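# A closer look at the structure
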Amino acid sequence: MNPENKTLPRLTIICPVYNEEKVVPLFFERALQVIKELSARYQVDLLFLNNASTDGTYQAIEKLRQEHAFVYVITLSSNVGYQRSLECGLRNAKGDVITFIDVDCEDPPEMILEFVKYYEQGYDLVYGERVDREEIRLIKMLRKLFYHIVHRVADEDIILYMAEFSLISAEVRDAIVADHNSFPFIRSSIARVGFHRIGIPYKRHRRIAGETHYNLLGMTIFAIAGILSSSTLPLRVPIYLLPFWLLLTAVLGAAQIATGNPWFLLVNALSACAYLGGTAAFTALYVARTYKNGLGRPNYVIHRRYTHMQPTQ
């Protein structure tokens, strides 16, 4: 937006979208004000990640692209999910500073200005700390439970109440993409690499239009995937439980021999099935993930016909 901005540092706003044709123009109205305010100090690009949308999302983005030279889009050949689309953005976005934001405006675009302010003070990572949101109490409690469980069981550092709404320096981005994982969990990767960081508390808003793509089942699957990606505790739990299981087996076996009561034998068999079955199940999950990582397949494929990449400076 600044005709002399080629000499300015480049800030890229990454925005993942899936079937959001009604939301894209509304989001852009708010993002445009932020971009205008930053354009005196940065060359600002807006990069949409089109996760194989089946509605008019691409057409809505293309209309913006025809009117604004700083709008770009990467379209994926299939819906690979939110986390993998973010990985695609990280690996393909160009810029000295990278910002993630969802298109539904639950995370207010205006906060990017505050992110930039802290970045200019020397922080490598500035993130939104979700302290509240407008949803039913049960969902709030489950979300907080998830954050605390991941924080407790993670093998490495996890930032409480952080999602993907954040600003990172190019150095942080490079550290994140150095990791190759078939099951990326971006918020965990951001925390793992460290650097100088600060969280800004905020309340998430209601989405500005359209329907959410998340439901309770989807959030449960996401939570399990997040735990498996950030922790090896399920592999270690059987080791911790082994002495107790052996003791229980011995006590139940002795009771069955002493009394001849077949119920002790049944309980003993069930406890063995629970212990061995749980151990095998968790081991199989991690072996499957290791196998997928070993294949080295890409997590996404870019549909070049509907993609307009940022030029290299």
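We now turn to the structure provided with this report. (Residues numbered from 1 in each chain as written. Predicted model: local features only at pLDDT ≥ 70, side-chain atom pairs only at ≥ 80, totals over all residues. Heavy atoms only, no water.)

### Details of the packing of aromatic side chains
Convention followed: What counts as a ring pair is set by centres within 6.5 Å for rings of Phe, Tyr and Trp (its six-membered ring), and what kind of pair is set by the plane angle: stacked under 30 degrees, edge-to-face over 60, tilted for all other angles. A run of H or I in DSSP becomes a helix once it reaches four residues, and a run of E becomes a strand once it reaches two; helices and strands are each numbered from the N terminus. A 1.4 Å probe rolled over the protein chains alone gives each residue an accessible area, and that area as a share of the maximum for its type sets the label: buried under 20%, exposed over 50%, partly exposed in between.
Enumeration over the complete set of coordinates arrives at 7 aromatic pairs. A ring pair is formed by Y58 and Y306, whose centres lie 5.2 Å apart and whose planes are at 75 degrees; its orientation type is edge-to-face. Of the two residues, Y58 is situated in helix α2 (residues 57–67) and Y306 in the segment after α10 (262–295); the sequence distance between them amounts to 248 residues. Taking the relative accessible area as the measure of exposure, Y58 reaches 14% and is therefore buried. We classify Y306 as partly exposed; its relative accessible area is 31%. Here the aromatic rings of W245 and Y275 are separated by 4.5 Å at their centres, their planes lie at 10 degrees, and the arrangement is stacked. Placement of the pair is W245 in helix α9 (residues 233–259) and Y275 in helix α10, with a sequence separation of 30 residues. Taken as a pair, W245 and Y275 share a single burial class, namely buried. Grouping aromatic residues by their ring pairs yields a cluster made of F115, F165 and Y202.

### Digging into the pairing of strand β2 (residues 43–50)
Definition in use: When DSSP locates at least two bridges between a pair of strands, those strands are taken to pair. Whether a crossover is right-handed comes down to one check: with the strands pointing away from the viewer, does the path from the first strand over the helix to the second run clockwise; if it does, it is right-handed.
Within β2, 8 of the 8 residues are buried, leaving the element largely enclosed by the surrounding structure. Alternating residues of β2 divide into Q43, D45, L47 and L49 and V44, L46, F48 and N50, and every residue in both groups is buried. Here 8 bridges tie strand β1 (residues 10–17) to β2, and the two strands are oriented parallel to one another. When the bridges of β2 are listed, T12 appears paired with D45. Taken together, β1, helix α1 (residues 23–38) and β2 form a β-α-β motif whose crossover is right-handed. In this fold, the crossover linking β2 to strand β3 (residues 71–75) by way of α2 has right-handed handedness.

### Description of the pattern of salt bridges
Here is the rule: Each salt bridge in this description consists of a side-chain nitrogen of Lys or Arg and a carboxyl oxygen of Asp or Glu lying within 4 Å of one another.
Going through the model one piece at a time under the given rule, you end up with 6 salt bridges. The salt bridge involving D45 is made with R10; its shortest N-O contact spans 2.9 Å. Taken together, the residues D45 in strand β2 and R10 in strand β1 connect sequence positions 35 residues apart. Here D45 falls in the buried class, since its relative accessible area comes to 2%. Classification of R10 by relative accessible area gives buried; the value is 2%.

Function cannot be inferred from these measures alone, as they are strictly geometric.
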